[in-house]
Amino acid sequence: MRTVADGADAAPRCFGDGDPLYSAYHDDEWGVPVHGESALLERIALEGFQSGLSWITVLRKRPAFREVFAGFDPEQVAAFGPDDVERLLTDARIIRNRMKIEATVDNARAVVALHDSGRTLDELIWSFAPDPALRERHATFGDVPAWTAESKAMSKALKKEGFRFIGPTTAYAAMQACGLVDDHLATCPVVLGRARAVSPGVAT
């Protein structure tokens, strides 16, 4: 469900204005809590693929990523072998980077290893969610951190479990994508729309 009314007089989004796919991601997904092993593995993988590229590039390729990585089902991706990696390197619909493809397979195997030890990726990721009551809305994107103490700790914990391509900056981007943190700016129409929904009688 869309949370922002588009229009010439609408406040600018944090990002995504001018591109329907990007604006929909901003409105409906970014900062919204994500749970489930496949969904979390997907976000971690896509944030890794995004490194050095624009996020809109990844968004446009997301349907293909979901197809070739079996919906990011950990068990299925963990079973990928060298032939699968070579196959993916010839698929122009995705970002063809050997290190990132191999990291995604290794990360799926790390998820399976977590399951074998009686744990889940969901529990591990969400154990690093900061207390939202202690956070303030930023006024500009220049105020939004590239990484935090929590993302550094999450990166360290994931690497210990065998995850790759998940440094503190990528970990923080994943925290934003998975809703562990909500970095919509104070003037963002998503934030203003939520305030109006809570207080419908407030004049705008």
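Heads up: the structure comes first, above all this text.
Description of the structure in this document. (Residues numbered from 1 in each chain as written. Predicted model: local features only at pLDDT ≥ 70, side-chain atom pairs only at ≥ 80, totals over all residues. Heavy atoms only, no water.)

## What to know about the overall build of the chain
Helix and strand counts for the chain come out as ten helices and zero strands. Overall, the chain shows an N-to-C arrangement of helices and strands of α-α-α-α-α-α-α-α-α-α. Relative to the compact-globule value of 17 Å for 204 residues, the chain shows a C-alpha radius of gyration of 18 Å, a close match. With the C-alpha coordinates of the chain rotated into their principal frame, the extents come out at 60 × 35 × 30 Å. Counting contacts in the chain only where the partners sit at least 6 residues apart, residues at least 24 apart contribute 68% of the total. Averaged over its 23 positive side-chain charges, the chain has a centre that lies 4 Å from the centre of its 29 negative ones. (Helix = DSSP H or I, 4+ residues; strand = E, 2+ residues; numbered from the N terminus. Rg over C-alpha atoms; globule rule 2.2 N^0.38 Å. Contact = heavy atoms within 4.5 Å. Lys, Arg positive; Asp, Glu negative; His and termini not counted. Charge placed at Lys NZ, Arg CZ, Asp CG, Glu CD.)

## Things to note about the layout of surface pockets
The gaps of empty space that remain are located by a probe, the size of a water molecule, rolled over the atoms. If you add up the space inside the largest pocket, you get close to 390 Å³. Lining of the largest pocket is provided by 18 residues; of these, W30, E47, Q50, A173 and Q176 occupy positions nearest its centre. If you list the elements that add at least two residues to the lining of the largest pocket, you get α1 (20–28), α2 (37–50) and α9 (168–177). With five residues, the single largest contributor to the lining of the largest pocket is α9. A class-by-class count of the residues in the lining of the largest pocket yields eleven nonpolar, six polar and one charged. P132, R135, R137, V181 and D182 are, among the 14 residues lining the second largest pocket, the residues nearest its centre. (1 Å grid on protein atoms, 1.4 Å probe; cavity = no way out; pocket = protein on both sides within 12 Å on 5 of 7 lines; lining within 4 Å. Points joined across faces, edges and corners; volume = space filled by probe spheres on them. Nonpolar A, V, L, I, M, F, W, Y, C, P; charged D, E, K, R; others polar.)

## As for the side chain of H26
The residue H26 is located in helix α1 in this model. H26 gets classed as buried once you look at its relative accessible area, which sits at 0%. A polar atom in the side chain of H26 sits 2.8 Å from the side chain of D27. Reaching out from H26, the side chain makes a polar contact with the side chain of H184 at a distance of 3.3 Å. (Buried < 20%, exposed > 50% of the residue type's maximum accessible area, 1.4 Å probe, protein only. Polar contact = N/O pair within 3.5 Å; in protein donor to acceptor, adjacent residues only side chain to side chain.)

## Some remarks on the side chain of K100
Within the secondary structure, K100 sits in helix α6 (residues 98–116). There is no salt bridge for the buried K100, and the closest opposite charge comes from E47, which lies 10 Å off by N-O distance. Residues contacting K100, with those up to four places away along its chain left out, are G48, F49, S51 and F165. (Salt bridge = Lys/Arg side-chain N within 4 Å of Asp/Glu carboxyl O.)

## Let's talk about the pattern of salt bridges
Going through the model one piece at a time under the given rule, you end up with 19 salt bridges. Salt-bridge contacts for R43 lead to E42; the nearest nitrogen and oxygen are separated by 4.0 Å. A salt bridge links D182 to R194, with the nearest nitrogen and oxygen atoms 2.7 Å apart. A residue pair is termed long-range when its members are at least 10 positions apart, and D182 in the loop between α9 and α10 (189–198) and R194 in helix α10 qualify at twelve residues.

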